[in-house]
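# Observations on the model geometry
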2 protein chains.
Amino acid sequence: MAKETQFVEQIADINADFPQWYTDVVLKTKLVDYGPVKGTMVIRPYGYAIWENIQKELDARFKQNGVQNAYFPLLIPMSYFTKEAEHVEGFAPEVAVVTHAGGEELSEPLAIRPTSETIIGTMMAKWVQSYRDLPLKVNQWCNVMRWEKTTRPFLRTSEFLWHEGHTAHVSDKEAEEFALTMLGVYQEFMENCLAIPVLTGRKTEKERFAGAVATYTMEAMMKDGKSLQSGTSHYMGQNFAKAFNLEYQGQEGGLQNAYTTSFGVSTRLIGAIIMTHGDERGLVLPPVVAPTQVVIVPIAARKGGVIEKCEELKAELEKAGVRVVLDATDNSPGWKFNEWEMKGVPVRIELGPRDIENGKMLCARRDTFEKIEMPLENAAESVKSLLAQVQGDLLSAARARRDSRIVYADDMQGILAGVEAGNFVKAGWCGCRACEDKIKEETAATARVFAEGETAEKCAVCGEKAEHVIVYARAY
Amino acid sequence: MAKETQFVEQIADINADFPQWYTDVVLKTKLVDYGPVKGTMVIRPYGYAIWENIQKELDARFKQNGVQNAYFPLLIPMSYFTKEAEHVEGFAPEVAVVTHAGGEELSEPLAIRPTSETIIGTMMAKWVQSYRDLPLKVNQWCNVMRWEKTTRPFLRTSEFLWHEGHTAHVSDKEAEEFALTMLGVYQEFMENCLAIPVLTGRKTEKERFAGAVATYTMEAMMKDGKSLQSGTSHYMGQNFAKAFNLEYQGQEGGLQNAYTTSFGVSTRLIGAIIMTHGDERGLVLPPVVAPTQVVIVPIAARKGGVIEKCEELKAELEKAGVRVVLDATDNSPGWKFNEWEMKGVPVRIELGPRDIENGKMLCARRDTFEKIEMPLENAAESVKSLLAQVQGDLLSAARARRDSRIVYADDMQGILAGVEAGNFVKAGWCGCRACEDKIKEETAATARVFAEGETAEKCAVCGEKAEHVIVYARAY
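Everything quoted here is computed from the prediction, not taken from an experiment.

## Here we look at the sheet that holds strand 5 (residues 96–101) of chain B
Pairing within the open sheet is antiparallel, and its 6 strands lie in the order 4(A)-6(A)-5(A)-5(B)-6(B)-4(B). The open sheet has two free edges, formed respectively by strand 4 (75–77) of chain A together with strand 4 (75–77) of chain B, since each of these has just one partner strand. When strand polarity is set aside, the average angle formed by the axes of neighbouring strands in this sheet is 45 degrees. Across 5 bridges, strand 5 (residues 96–101) of chain A lies against strand 5 of chain B in antiparallel orientation. Bridge pairing in strand 5 of chain B links A96 of chain A to A101 of chain B.

## Observations regarding the relation of the copies chain A and chain B
Superposition of chain A onto chain B requires a rotation of 180 degrees combined with a translation of 0.0 Å along the rotation axis, giving an RMSD of 0.0 Å. Expressed as a symmetry operation, the mapping of one chain copy onto the other fits a two-fold axis. Distance from the rotation axis, computed per C-alpha, reaches its smallest value in chain A at V98 of chain A: 2.1 Å.

## A short note on the domain arrangement of chain A
Residues and elements named next belong to chain A. As far as domains go, chain A holds domain 1 (2–277), domain 2 (294–389) and domain 3 (406–473). Computed over C-alpha atoms, the centres of domain 1 and domain 3 are 27 Å apart. Counting from both sides, the interface comprises 14 residues of domain 1 and, opposite them, 13 residues of domain 3. Of all the secondary-structure elements, those providing two or more residues to the side of domain 1 that touches domain 3 are strand 9 (199–202) and strand 10 (214–221). A breakdown of the residues in the side of domain 1 that touches domain 3 according to their chemical character gives 2 nonpolar, 5 polar and 7 charged.

## Thoughts on the packing of helix 10 (residues 306–319) of chain B against helix 13 (residues 379–403) of chain B
Residues and elements named next belong to chain B. Two numbers describe how helix 10 lies on helix 13: the axes approach to 9 Å, and their chain directions differ by 60 degrees. Considering only the axes of helix 10 and helix 13, their crossing is right-handed. In this structure, helix 10 uses L313, E316 and L317 to contact helix 13, whose residues at the interface are A379, A380 and V383.

Calculation rules
- Note on numbering: residues in each chain are counted from 1, in written sequence order.
- Each chain is given a letter, starting from A, and each ligand a number, starting from 1, according to the order in which they appear as written.
- Local features in this predicted model are restricted to residues whose pLDDT is 70 or higher, and side-chain atom pairs enter the listing and the counts only when it is 80 or higher, whereas totals over whole chains, interfaces and linings include all residues.
- Note on pairing: DSSP must find at least two bridges between two strands before they are called paired.
- Helix and strand assignments follow DSSP, with helices taken as H or I runs no shorter than four residues and strands as E runs no shorter than two, numbered in order from the N terminus.
- Comment: axis = line fitted to C-alpha atoms, over the contacting stretch for helices; angle = value between 0 and 180 degrees taken between N-to-C directions.
- Residues below a pLDDT of 70 in either copy are left out; the C-alpha atoms of the rest, at least 70 in both, set the least-squares superposition of the copies.
- What marks off one domain from the next here is an automatic or database domain assignment.
- Whether two residues are in contact depends on their C-beta atoms, placed from the backbone: they are in contact if these lie within 7 Å.
- When residues are grouped by polarity, Ala, Val, Leu, Ile, Met, Phe, Trp, Tyr, Cys and Pro land in nonpolar, Asp, Glu, Lys and Arg in charged, and all others, Gly among them, in polar.
- Two helices that cross are described as forming a left-handed crossing if the nearer one is turned anticlockwise from the farther one by less than a right angle, and a right-handed crossing if clockwise.

Structure representation (structure tokens):
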């Protein structure tokens, strides 16, 4: 029995030390490892398989929306960043710079892309001649680099993987609508694939993307009450089009600047999954993106027919499209239970001689620890339906947890108390930067997103008339 | 009628100026564009879609062979390259170097990976403790950078996309066998997916990968008779394991160095497709990887029912998994024929009022220009079978072409005459470096691959006893 708790003991207590719990989970489940260069990570096969499932789901959605994949160069001339004033301010401090190549010093230093608006703007300007070439919708799956002082695997690393969509349109209306369409795509994906509820809406001017007219965000609540910005969709107006001469011959003649958007999510989402669903035993993975959806653990595996029946069941599930592993190693069942629980596999099936005799299997849910006896007949159908149930229940549970932790405040004290208790706090805001800055200073919380449609009487900071309601939270 | 030839005129004559033809094709079919930094390329959606299909096919094969995807950092400490003596010599001159990041000079310069043996070796050394951890088989799909003086889209660019597989094994036998297994996977993929026949085998010491014990290559003949090294699989022995302390506790106790392999193919394969199958009208794409497999061109599109029938056919083909485009633009059918021929779409379907009346469609093959009338009934099945036929015929044609251009030579004059005429030339070799160097000097051909199993009497250069037969060719 001692063996059975060995993994539980290795992970820090989620309630006592959430950051250490996170670090333990990402390393011990082999999602990730530290790279040799400070701030870099190696995404190990178990973590990368989650990313592949995320990519598959999102990529299909992008293509349904007419977005085509492409690939743009990693290296961008430094001068490109200076063309859009806010953009250079936002990214210059984080850029990694190539100064030498092929044994020689370069005549112009090259930036490793922190994001690709500038180079994609340049290429689009070359490709777009007439209104007939619009809308132009491209996306790339790639690595980007932002030199960060403080890093944590998945959440903030100097290099990360992401996708970045970039579109150009004939009108402001079409472009802004498309930015919102992609926000909607993200939200649907977050809820249905990752089982993570998100608050969506506009960012304040202070928090928006460098060079954007409007940044739309989705904010997810982690189990420690902090917010994780999980993805953003930006409406750029004509800022980048003007900076990069992205002009087209309009239908009624005359050159016009296009309107552009960009939108992205990153490997950060793996961090969101961990901190939304994980528990004291480790990972809890939503079935849609879990590398392994079902693990079969043979009980009394040496008894005649047990392994054979497990293999038969595995083949049946695989045929039905279930990602399944049969753990036929020499470890004890208890040891295996802990191992696969730590790795967050949504459903465990125990199968022993008595089960086989009775034509049954015992299914254990990772999310609720509930054990359900099911007939072996039509196993694939029952298991698929159980996986769907787990997927739905994970979202409901996360939503209930999140909703129970959204509170209202009238003043700074209320905001501080709210975020200290691990809540999202809604409060009135006059709209001025000074009040926004003051909240950050005094509570370490930031304006995550506008609570559109909600109203408040006065600004929680200055007491003047409130123009907006803001969701404040501490954030990753 | 003038319009109908506009694309043909834009592409250089494939027989008169092959390099210009290539450049015209890659740019005008929008596969690729030049990036702003010298030697870089932008892979446009039509080119990237080919790469996605290549990835899908190869990735499934890697997974079948137990290889798991992962992701390793882009930046590698420069000191890593010095750990394996041949490796540093091979790659140091081509490396791009990051010296500044986050506004500061770095204490150690960082290389942008030209290949990842060094960093993956480092991580494997951390992960592998015992023989139970072996074999370890990982792969990554990523960008790499090699600063090249002379570049051409897809064939040689300073940045390119590739996959690199890396494995570690307990024995030399197992490792070398796995390197050969992956070579076999490549060959099957080349033939069945890209319809490109390849010569496979070992490279000479001069031509092998920096740090490898043996490099296995596949060499494909392009239409100009030059060879394109299309992929390589390397057996490293213990070279990298020793350099990076990749040791494991053996089954009988005692620390031992593992044996490693690596293997990769890149976006260069898109160049191979173009130069193997392309013709005077432009691209000819093998159906398995063609972004669009079928284009439907309505004839007399304004006549009642034509567009509707075309849409119906499109839906039927899509449902059957065919990648199909309906060109319902205002351009003339002749213009469309040229456009889609240039883009290399394997099958064109013409559908007009008379065809519909007769329950027929006219299918035109891109590869042979053959036109085949087929019943509209069971269209999906007929089209799929036609696509399979095109795929097979492309391989047969390429193989026949290649085989007719493999010649033998006894001396330097023969080798020179052979490669000047656009052939692969087989000739005896004594095995010494001086003779190999001399051939390169005097004929601009290099030893592409050993012709295993073949014998010759004397070395074509020095006249001494031949130890091997070598396939010589000029190469990309």
